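Each chain, written out:
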Amino acid sequence: MQKIAIIGGGPAGLTAAIEGAKSGLSVTLYEKLEIGENIRCAEGFFDTLNMLGKPRYGVRFKVEEIELKIKSKYVFPCDDKINIWMIDRREWQKGLAEEARSLGVNIIENITITKEFFIELVWEYDWIIDSSGAISITSQVYGFHKYYKDTSAVTVQYTLAGDFSEYYGRIKLVLEDPYTGYYWIFPKSKNEANVGLGVFKSTKLNLWAKLDRVLEKEGLSSYKITKKMGGLCPTVKLDRLVYDNVLLAGDAAGLVSPLHGGGIDTACISGKMAIQNILHNRVDCYERDLSNILDRKLEGERELFERLVSLNSGVIDYIIKIVHRSGRTLGDYGVLNGRIHKFLQLGIIQALLPTKKK
Ligand SMILES: Cc1cc2nc3c(=O)[nH]c(=O)nc-3n(C[C@H](O)[C@H](O)[C@H](O)COP(=O)(O)OP(=O)(O)OC[C@H]3O[C@@H](n4cnc5c(N)ncnc54)[C@H](O)[C@@H]3O)c2cc1C
């Protein structure tokens, strides 16, 4: 039986662990803290490729509407083509860990894989799946850790306790100058929400100060901050995903959406793919197989993002207004389900969006 070590108990690692155990592999998962205790996320579960379905644990509600504000406010209903749930990630990950354990995965918590330990694992196990996020332990051993800083969106976020009943069932995204990115209000319940800000292009702005201003603007300054965190979202897939017997998955592989910063779905998909490729003796095809599934989505999102950032917010607002007025949903346009090329091919969008720079 092949022995697999998984580094990191986030979405990528837990999905790989379950897939591995179900496939009859011997799986050990190492997590630096306790599963579910090291989470940096707004907790929106975007199943953009319709490959994952409803999360099995921790669901708070299915998102029914997306509120998008640029100059004006636009509310887009989420039809059944768009699978977005608000989840409690701690509960979700703890549920997945329990499931993995019941399938025979050996989960070892509160152990950090250091460079030295990593080298031992490489010798001891047939395969390693590095799902340690950004900055991955593999990158520290192989010397490409700078890659993540150079290619990541930067985020800051508060979890707030207060009255969010008016947001329940919807998520809110606001694009505003003078940074390239957006801020979000993602309610987890009527009394709690993640409110954060992400910047996709480097800036010297103090993001925490910007986020405090967002709280003021949204009338949330008096709400109690129960958690404060931020982090990198690596939005450029690494060209190389296999190092000796180590496969990178999730954020470690740079799979976060370059358009909206979501990475749970691609983390799960890559964790599952890594196991499938090991199982079918196709590790040398892992990069290609993953590209076949994810590149269309990730490249489409990047193309849309790059075209949008060359416009001022007034023009972006005008484009969204036209899309909104058409009465069609974001699902019809493929904007949030991996078919952005379809959206980019629309005549009206081609007329308004600048041509992609060659
Ligand atoms: C502020 C913020 C908001 C976000 N909001 C969303 C969102 O709403 N929706 C969405 O889809 N995505 C969101 N993302 C992105 C999403 O959180 C990540 O893409 C996703 O968590 C990636 O999963 P992963 O398993 O690859 O890595 P991670 O979730 O980062 O998990 C890595 C795990 O590895 C462990 N680990 C790290 N190093 C070691 C080591 N040396 N030894 C042992 N264990 C180790 C960590 O403790 C952690 O548990 C957000 C990101 C940020 C920063």
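Refer to the structure presented above.
Model, not experiment: these values are computed from the prediction.

Conventions we followed
- Residues numbered from 1 in each chain as written.
- Predicted model: local features only at pLDDT ≥ 70, side-chain atom pairs only at ≥ 80, totals over all residues.
- Heavy atoms only, no water.
- Salt bridge = Lys/Arg side-chain N within 4 Å of Asp/Glu carboxyl O.
- Helix = DSSP H or I, 4+ residues; strand = E, 2+ residues; numbered from the N terminus.
- Buried < 20%, exposed > 50% of the residue type's maximum accessible area, 1.4 Å probe, protein only.
- Near = heavy atom within 4 Å.
- Polar contact = N/O pair within 3.5 Å; in protein donor to acceptor, adjacent residues only side chain to side chain.
- Areas by Shrake-Rupley, 256 points an atom, 1.4 Å probe, with all protein chains shown as cover.
- Nonpolar A, V, L, I, M, F, W, Y, C, P; charged D, E, K, R; others polar.
- Domains from an automatic or database assignment.

Visitor: Outline the pattern of salt bridges, supporting the account with residue identities and numerical values.
Guide: In a structure, side chains of opposite charge can pair up when their charged atoms sit close to one another. The final tally for this structure, using the stated rule, is 21 salt bridges. The closest approach of N and O atoms between Lys-3 and Glu-124, which form a salt bridge, is 3.9 Å. Taken as a pair, Lys-3 in strand 1 (residues 3-7) and Glu-124 in helix 3 (residues 115-124) lie far apart in primary sequence, 121 residues in all. Among the residues examined, Lys-3 registers a relative accessible area of 30% and is labelled partly exposed. For Arg-213, the salt bridge goes to Glu-176, with nearest N and O atoms at 2.8 Å. Remark: Glu-176 occurs in the loop between strand 11 (170-174) and strand 12 (181-189) and Arg-213 occurs in helix 6 (residues 207-217); sequence separation between them is 37 residues. Of the residues examined, Glu-176 reaches a relative accessible area of 11% and is grouped as buried. When salt bridges with common partners are traced through the structure, they connect Glu-43, Arg-60, Asp-88, Glu-91 and Lys-188 into a single cluster.

Visitor: So, the site of the ligand: which residues are in play, and what are the values?
Guide: Surveying the vicinity of the ligand reveals 34 residues, the closest of which are Glu-31, Asn-38, Ala-42, Gly-44 and Asp-251. Here a nitrogen atom of the ligand and a backbone polar atom of Lys-32 are 3.0 Å apart. One of the backbone N or O atoms of Arg-40 is found 3.0 Å from an oxygen atom in the ligand. In the complex, 93% of the free accessible area of the ligand, which totals 1000 Å², lies under the protein chains. Listing elements by their share of the shell around the ligand, those giving two or more residues are helix 1 (11-22), strand 3 (44-46) and helix 7 (264-279). Grouping the amino acids of the shell around the ligand by side-chain chemistry returns 14 nonpolar, 14 polar and 6 charged. Among the domains, domain 1 (3-55 + 88-150 + 237-294) and domain 2 (152-234) are the pair contributing at least three residues each to the shell around the ligand.

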